[in-house]
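# Fold and contact review
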Amino acid sequence: MVDNSATLRSRIDELKREKNAVILAHYYTTPEVQQVADFLGDSLALSVQAQQVDADIILFAGVHFMAETAKVLCPQKKVLIPCPEAGCSLAESCDARDFAAFKARYPDHTVVSYVNTTVEVKALTDICCTSSNALRVVESIPADRPIIFAPDRNLGGYIQKLTGRRNMILWDGACHVHEEFSLEKLLQLKAQHPAAKVVVHPECRAYIIAVADYVGSTAGILDYCGRSDAEEFIVVTEAGILAEMQRRYPAKRFIPAPPDDETCGCNNCKYMKMVTLENICACLENESPEIVLDEEVRKRAERSIRNMIAIR
Ligand code: SF4
């Protein structure tokens, strides 16, 4: 098979210059996609970055809800998504109509939703959060005010444990990648590498979080690995982050934690891997597919995202 990635990279660079476009990419995309990005980050950093870029076009190399978030914050810019089929199992675990019915049962609750939700769910939300700031967001709400936390039951449970809040109701959603890690295999790996630190994303199940040396967002994990004196880390999150870890800390060793079924490749987010140099190039050429939102929904979603950014 002919490797035409150099040609694609140079055409993408040309198109970015011609069209005054920037590419924002999530850490979970493939290394070759990360290479053509102008900004690389986790959900929170990319939401903030989207507002600050001086460009006419933002191409979001990530999953659908991320591109929607960029459009919510930058309605005047053209926001492109190279692969609109790239969804998110966590966002899909919270249907907006079901969520509206659920919310109606608890009218006095403040709604906190993870950014991994559709724009329609964000429009039903008071404050969004990411795994970077979920604790600060929940702590910003008066202790006597009850909370609905959606959609990730693992992150919600973790925050509930940290804050000791009993008045928090959790939506029963999860991410297929972070739910699949095997405790047994993780402990075997830890026995083989006793000096390694175990770093875990809070979307993992509670029994995985319980054996972590550090629990945090993608950005938090990256910082921790840089600060720590350890030379080896067992990484319990989506494996795409390993490329950035190795780039930042070439002298350290990063070992991906295995999922329960190692043949399924489930520690790789299949949706993030749907973004390729080919679909990025075609998307910039055609300026399509583009994210288009209903203005009323967008405005309501914007309020909840801005409330989150204010607590950053
Ligand atoms: Fe969604 Fe999970 Fe993929 Fe993140 S890793 S985009 S939460 S499916």
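Cut-offs and rules
- Residues numbered from 1 in each chain as written.
- Predicted model: local features only at pLDDT ≥ 70, side-chain atom pairs only at ≥ 80, totals over all residues.
- Heavy atoms only, no water.
- Helix = DSSP H or I, 4+ residues; strand = E, 2+ residues; numbered from the N terminus.
- Rg over C-alpha atoms; globule rule 2.2 N^0.38 Å.
- Contact = heavy atoms within 4.5 Å.
- Buried < 20%, exposed > 50% of the residue type's maximum accessible area, 1.4 Å probe, protein only.
- Lys, Arg positive; Asp, Glu negative; His and termini not counted.
- Salt bridge = Lys/Arg side-chain N within 4 Å of Asp/Glu carboxyl O.
- Polar contact = N/O pair within 3.5 Å; in protein donor to acceptor, adjacent residues only side chain to side chain.
- Near = heavy atom within 4 Å.
- Nonpolar A, V, L, I, M, F, W, Y, C, P; charged D, E, K, R; others polar.
- Domains from an automatic or database assignment.
- Buried area = accessible area lost by both parts, 1.4 Å probe.
- Axes fitted to C-alpha atoms, helices over the stretch in contact; angles between N-to-C directions.
- Parallel < 35°, antiparallel > 145°, perpendicular 65-115°, else oblique.
- Left-handed = near helix turned anticlockwise from the far one by under 90°.
- Pairing = 2+ DSSP bridges.

Counting its secondary structure elements, the protein chain contains 15 helices and 12 strands. In terms of C-alpha radius of gyration, the protein chain reaches 19 Å, essentially the compact-globule figure of 20 Å for 312 residues. With the principal axes as the frame, the protein chain shows a C-alpha extent of 55 × 55 × 35 Å. A separation of at least 24 residues holds for 64% of the contacts in the protein chain among residues at least 6 apart in sequence.

This part takes up unusual backbone geometry. Among all residues except glycine, the phi angle is most often negative; among peptide bonds, the trans geometry is most common. Of note, the bond from Ala150 into Pro151 is cis; its omega dihedral lies within 30 degrees of zero at -10 degrees. Residue Pro289 is bonded to the preceding Ser288 through a cis peptide linkage, with omega at 0 degrees. Within the secondary structure layout, Pro289 lies in the loop between α14 (277-286) and α15 (295-310). In the Ramachandran plot, Glu287 falls in the positive-phi region, its phi being about 50 degrees despite a non-glycine side chain. Among the secondary structure elements, Glu287 is positioned in the loop between α14 and α15.

So, on to the side chain of Lys77. Looking at the element boundaries, Lys77 is found in the loop between α4 (64-73) and β4 (78-80). The side chain of Lys77 is buried and forms no salt bridge, while Asp54, the nearest opposite charge, is found at 6.4 Å. There is a polar contact of 2.7 Å between the side chain of Lys77 and the backbone oxygen of Val53. In this structure, Lys77 is in contact with Ala50, Gln51, Val53, Ala55, Asp56, Ile58 and Lys71, ignoring residues within four places of it in sequence.

For Asn279, the position within the fold is in helix α14. The class of Asn279 is buried, set by a relative accessible area of 17%. Filtering out sequence-adjacent residues up to four positions away, Asn279 remains in contact with Pro82, Cys83 and Met274.

Moving on: the site of the ligand. Taken together, Tyr28, Val63, Cys88, Ser89, Asn116, Cys175, His176, Val177, Glu203, Cys269, Tyr271 and Met272 make up the full set of residues near the ligand. Among the residues making up the shell around the ligand, the classes are represented as 8 nonpolar, 3 polar and 1 charged.

Annotation of the protein chain at the domain level lists domain 1 (5-86 + 272-293), domain 2 (90-175 + 299-310) and domain 3 (181-264). Using C-alpha coordinates to define each centre, domain 2 is positioned 26 Å away from domain 3. The partner domain 3 presents 8 residues to the 10 residues of domain 2 that form the contact. Of the roughly 730 Å² buried between domain 2 and domain 3 on both sides combined, carbon and sulfur atoms contribute 50%. The tally of links between domain 2 and domain 3 comes to 0 salt bridges. For the pair domain 2 and domain 3, the interface holds 5 residue pairs in polar contact (both at pLDDT 80 or more). A per-element tally of the side of domain 2 that touches domain 3 places helix α9 (residues 153-163) first, with 3 residues.

This part is about the packing of helix α12 (residues 218-227) against helix α13 (residues 241-248). Here α12 crosses α13 at 30 degrees, and the two axes come no closer than 11 Å. In this view, α12 runs roughly parallel relative to α13, as classed from their interaxial angle. Note on packing geometry: the crossing formed by α12 with α13 is right-handed. The segment α12 lies against α13, with Thr218, Ile221, Leu222, Asp223 and Cys225 engaging Ile241, Glu244, Met245 and Arg248. For the contact of α12 with α13, the per-class residue count stands at 5 nonpolar, 1 polar and 3 charged.

Picture the strands of a sheet paired through backbone hydrogen bonds; they go either parallel or antiparallel. The 4 strands lie next to each other as β6-β5-β7-β8, forming an open sheet whose pairing is parallel. Both outer strands of the open sheet, β6 (127-129) and β8 (168-170), are each paired with one neighbouring strand and no more. Averaged over all adjacent pairs, the angle separating strand axes in this sheet is 25 degrees, with direction ignored. Sheet strands touched by helix α6 (residues 96-104): β5 (110-114), β7 (147-150) and β8. Its angle to β7, the strand with the most contacts, is close to 160 degrees.

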